[in-house]
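Examination of the molecular architecture
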Amino acid sequence: MTLTQWFIFFIIIQIIHGLGTWKLYVKAGRQAWEAFIPVYNAVVLMKIINRPWWWTILLFLPIVNLIMFPVVWVETARSFGKNTTLDTIFAIVSLGFYNYYLNYAADLNYIEDRSLEPRTSAGDWISSILFAVVAATIVHTYIIQPFTIPTSSLEKTLLIGDFLFVSKLNYGPRIPQTTLALPMVHDSIPKTKLKSYIADDNLATKDHSLKNKTLLPYLRLPGFQKIKRNDIVVFNWPVDTVKAFFQTPDRSYWKPIDKKSNYVKRCVGMPGDSLEVRDGYVFINGKQNELPDRAKLQFSYLVQPKSVQFNPKELADRYGITDRFGIINDKNTYMFMSITDKAVAQFKNHPNVESITPIKEEKGARDSRIFPHNPNYNWNNDFFGPLYIPEAGKTIDINVDVLPLYKRVITEYEGNTLQVKGNQIYINDAPANTYTFKQDYYWMMGDNRHNSQDARTWGFVPFDHVVGKPVFIWMSWDQNGKPRWDRFFTTVGGSGKPVSYLIPALVIFALLFGFNSYRKRKKANA
C-alpha cells in the first residue's frame, strides 16, 4: 500500500478502537473523545492499564506491534476485572473485539490499583518470555542482527564459520516492509518449507508495494554514516527469486525486499563511479582500487608438480588455502583456488613445484553467466566493463545499446514500465532518451575473485536493499567444528592483525551477571 492508503487504514483502526473502548475510557475517569484521538488515545490507554507511556512506541513498530497488540487487549480486560483464562483467550482470539462486549454489554468496574504481578508461576514465565521476545525483536530488527558467513567470497577477512554482529544503525535501520511476519525469522520458518511472513510472492507487477496490501512502502531511519568504498556490507540479494536466476532472468516471481536472502560482500564501486575489471583487478575511474591491509585478493592457479609425491592437501594446509582444489589433466596438473599473492610466492619456491600458472579468462571472451547477460557485452570475471554505477538524481543518456545495463534498475528497482519499439525506448508509455535515477546503487564484490557470485553476475545493489554493516565477530568455528579462539570478539574493520577481546568480554559478562544476582537478592530481601 502507499503511505496515503496506510494513513486511511490507520484512521479506520482508530475509529474502530474508539467505538469499542470509549465507555471503558469513561469508566476509568477519562473523557469519551480521548478514545478517538490517534496516538493520544494509546498514551491514555497506557495510563488506564497502568503501563508505561513508552509502550505506545512499541504499538507502532512493525513486527513488534504484532506481539504488543494482544498484550494490550488482555491488559485492558484485566483492568476491568476480567482476569480468567477464558477472558484472555477471548481477548486474543477475537483480535481485540472482545473489548466491544466489555464496552457495551458487560457491567464492569475499573480497577485503578490492580496488581501487575502475575498470579501464577506459569504467568510469570509467560510474561518474562514475552517481553524477552519483544526486546530481542527490537534489537534484531532495528539495532543489530546476528549473521553467519556461509561462503569463502571474503576469505582472509571473513572466514566460513564466522558469526557476525551486523549493525543496522550505521547506514540507518529499515522499517520492515512485511508487516505480518514472525519475529527474528527471515524468509522461512526453520526446519520447514513454510514462509515466515504473509505476502503474495507471485505478484507479476512492477510496483509490488502498491499491489500487496500487507506491505509498507520502503522507509529507512537516518544512519550516522554513509557506505564508504571498500566497506564490507550485508544486503538483500537483489535477484533472489528462490528459483534458477539464469534460467529466468526476467521472471515475474517476487519477494519483499526485506525477505530476500542476506548476502555479504565488499563495496568496491560507489554511486557515480565508472568501474572496470582488468585482469581480475578493479579499476575505479581509471585508477586501480586499493584494498585495506586486512583484505587479501585470491585467484585460481594451475600447479604443475615435479613428481608423483606431490601432496596438494598438505600444501593447501601449509599455505592457508581454505578453498577447494582439484586434479586435472590425468593427475599431472592441480587446480588450486583462493590463493593469495603471498601463497603464490611460497608455491614457486616449493621444491616439488615445476610451475604455477594463473587461470585467467581472455579479454573479449564472453561469459554468458556475467552481467548484463547480453550477447553484445563480451565480458567475463577477469575483464569486465567499464560501466557507470547509478547515482540518485543523476541523468544519463539511454538507448538500446546501454539499456541492458540499466533495464533492471529502471523496472525492478525503480518501478517503471519499459518497452522497446524498434530503436525507441518508452518509459511509463512516454518516449525516453534519458533517465534520471531515483536512488543510489553500489557494486559489491568478493575478494575471492574466482569463487564469488557477486555483482559481476547479477549487477547493481540498490540502497534500499542494504541491511547493515558487520562490526564484530563474536564467535568463529572452522570447518572441522573447532573454535578459532583468536577470532572470538574481534572487529571486522580496522587495520593490522585483528585483536581478540574475548577476555575483556568475559570479564564484563561476569560483572553484569554478578550485579544482576546482587540486585535480585537485594529486591527479595527488601
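The present account deals with the structure reproduced in this document. Fair warning: this is a prediction, and the values are worked out from it, not measured in the lab. Each chain has its residues counted from 1, following the order in which its sequence is written. Local features in this predicted model are restricted to residues of pLDDT 70 or higher, and side-chain atom pairs are both shown and tallied only at a pLDDT of 80 or more, whereas totals for entire chains, interfaces and linings draw on every residue. Hydrogens are left out, water is left out, and the side-chain values use all remaining heavy atoms of the structure.

So, the packing of aromatic side chains
Spelled out, the test is: Note on aromatic contacts: the rings of Phe and Tyr and the six-membered ring of Trp form a pair at centre separations within 6.5 Å, being stacked when their planes are under 30 degrees apart, edge-to-face when over 60 apart, and tilted otherwise. Secondary structure elements are defined from DSSP: runs of H or I of at least 4 residues count as helices, runs of E of at least 2 residues count as strands, and each element is numbered from the N terminus. Any residue under 20% of the maximum accessible area for its type is buried, any over 50% is exposed, and the rest in between are partly exposed; the area is computed with a 1.4 Å probe on protein chains only. Comment: the charge-over-ring label is applied if NZ (Lys) or CZ (Arg) is within 6 Å of the ring centre and within 35 degrees of the ring normal.
Per the stated rule, a full pass over the model turns up 34 aromatic pairs. Where Y406 meets F460, the ring centres are 5.8 Å apart and the plane angle is 5°; that geometry is what we call stacked. Here F460 lies in the loop between α12 (455-458) and β21 (461-462) and Y406 lies in helix α11 (residues 403-413), a separation of 54 residues in the sequence. Using a relative accessible area of 2% as the deciding quantity, one classes F460 as buried. Taken together through their ring pairs, the aromatic side chains of F371, Y377, W379, F384, Y388, Y406, Y413, Y435, F437, Y441, W443 and F460 make up a single cluster. Above the ring of F299, the side-chain terminus of K360 is found at 4.4 Å from the ring centroid. The cationic tip of K421 hangs over the ring face of Y426; the distance from NZ or CZ to the ring centre is 5.1 Å.

Focus on the nonpolar core
This is how it is decided: Remark: nonpolar core denotes a set of buried residues (Ala, Val, Leu, Ile, Met, Phe, Trp, Tyr, Cys) joined through side-chain atoms within 4.5 Å. Note on definitions: a residue-residue contact is assigned when non-hydrogen atoms from the two residues lie within 4.5 Å.
Residues L275, F384, L387, W443 and F460 are the most contacted members of the largest nonpolar core, which totals 45 residues. The residues contacting F384, other than those within four sequence positions of it, are L275, E276, V277, I370, F371, W379, W443 and R456. In terms of nonpolar packing, the next biggest core, distinct from the first, is built from 34 residues, Y25, I48, V64 and I67 among them.

Points about the layout of surface pockets
The cut-off we apply is this: Grid spacing is 1 Å over the protein atoms alone, the probe is 1.4 Å, and a cavity is where that probe fits but cannot get out, while a pocket is an open set with protein on both sides within 12 Å along at least five of seven lines and lining residues have an atom within 4 Å of a point. Grid points are joined across faces, edges and corners, and a volume is the space filled by probe spheres set on the points. When residues are grouped by polarity, Ala, Val, Leu, Ile, Met, Phe, Trp, Tyr, Cys and Pro land in nonpolar, Asp, Glu, Lys and Arg in charged, and all others, Gly among them, in polar.
There is about 1400 Å³ of room inside the largest pocket. As for the largest pocket, its lining consists of 38 residues, of which F9, I13, L59, N65 and F69 are closest to the centre. Of all the secondary structure elements, the ones that give two or more residues to the lining of the largest pocket are α1 (3-27), α2 (40-48), α4 (64-78) and α6 (98-104). With 11 residues, α1 is the largest single contributor of residues to the lining of the largest pocket. Taken together, the residues that form the lining of the largest pocket break down as 26 nonpolar, 11 polar and one charged.

Thoughts on empty space enclosed by the protein
Rolled over the atoms, a probe sized like a water molecule indicates the empty space that remains. The tally for this structure, following the rule as stated, stands at two cavities of 30 Å³ or more. Taken as a whole, the largest cavity encloses approximately 40 Å³ of empty space. Lining the largest cavity are R174, I175, Q177, Y218, L219, I257 and D258. For the lining of the largest cavity, the residue count by class is four nonpolar, one polar and two charged. Taken as a whole, the second largest cavity holds about 30 Å³ of empty space. The wall of the second largest cavity is formed by F371, L405, Y406, R408, V409, Y413, W458, G459 and F460. Broken down by element, the residue count for the lining of the second largest cavity peaks at five residues, all from α11. Residues that form the lining of the second largest cavity fall into these classes: seven nonpolar, one polar and one charged.

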